[in-house]
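Chain by chain, the residues:
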Amino acid sequence: MLSRTADHLFWLSRCIERAGRARSARGEAKTPPRATARPGFSANERESKHAV
């Protein structure tokens, strides 16, 4: 049972590694872009709503 789990983890890591290499070969960024704020909702508005 333990050897089967180790084998599955090995192949999972290999697949993840291959996916990362394929992604970089296509020119995609390694990390996804950060989420942008919703339109019309600035950081100042967020702070003022939480201020007491």
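Let me begin by describing the structure that accompanies this report.

Rules used in this analysis
- Residues numbered from 1 in each chain as written.
- Predicted model: local features only at pLDDT ≥ 70, side-chain atom pairs only at ≥ 80, totals over all residues.
- Heavy atoms only, no water.
- Helix = DSSP H or I, 4+ residues; strand = E, 2+ residues; numbered from the N terminus.
- Expected span 1.5 Å × (residues − 1).
- Salt bridge = Lys/Arg side-chain N within 4 Å of Asp/Glu carboxyl O.
- Buried < 20%, exposed > 50% of the residue type's maximum accessible area, 1.4 Å probe, protein only.

### Overview of helix H1 (residues 2-25)
Side chains three or four residues apart in an α-helix point the same way, a direct result of the helix having 3.6 residues per turn.
Right, on to step 1. End to end, H1 covers 35 Å across 24 residues, agreeing with the expected 34 Å (1.5 Å per residue, within 8%).
Right, on to step 2. Gly-27 sits one or two residues past H1 and shows a positive phi near 90°.

### A few points about the pattern of salt bridges
Pairing between side chains of opposite charge can happen when the charged atoms of each approach one another.
Right, on to step 1. Under the criterion given, the structure shown has one salt bridge.
Right, on to step 2. We note a salt bridge from Glu-17 to Arg-21, for which the minimum N-O separation is 2.7 Å. Placement of the pair is Glu-17 and Arg-21 together in helix H1, with a separation of four residues, close to one helical turn.
Right, on to step 3. Classification of Arg-21 by relative accessible area gives exposed; the value is 57%.

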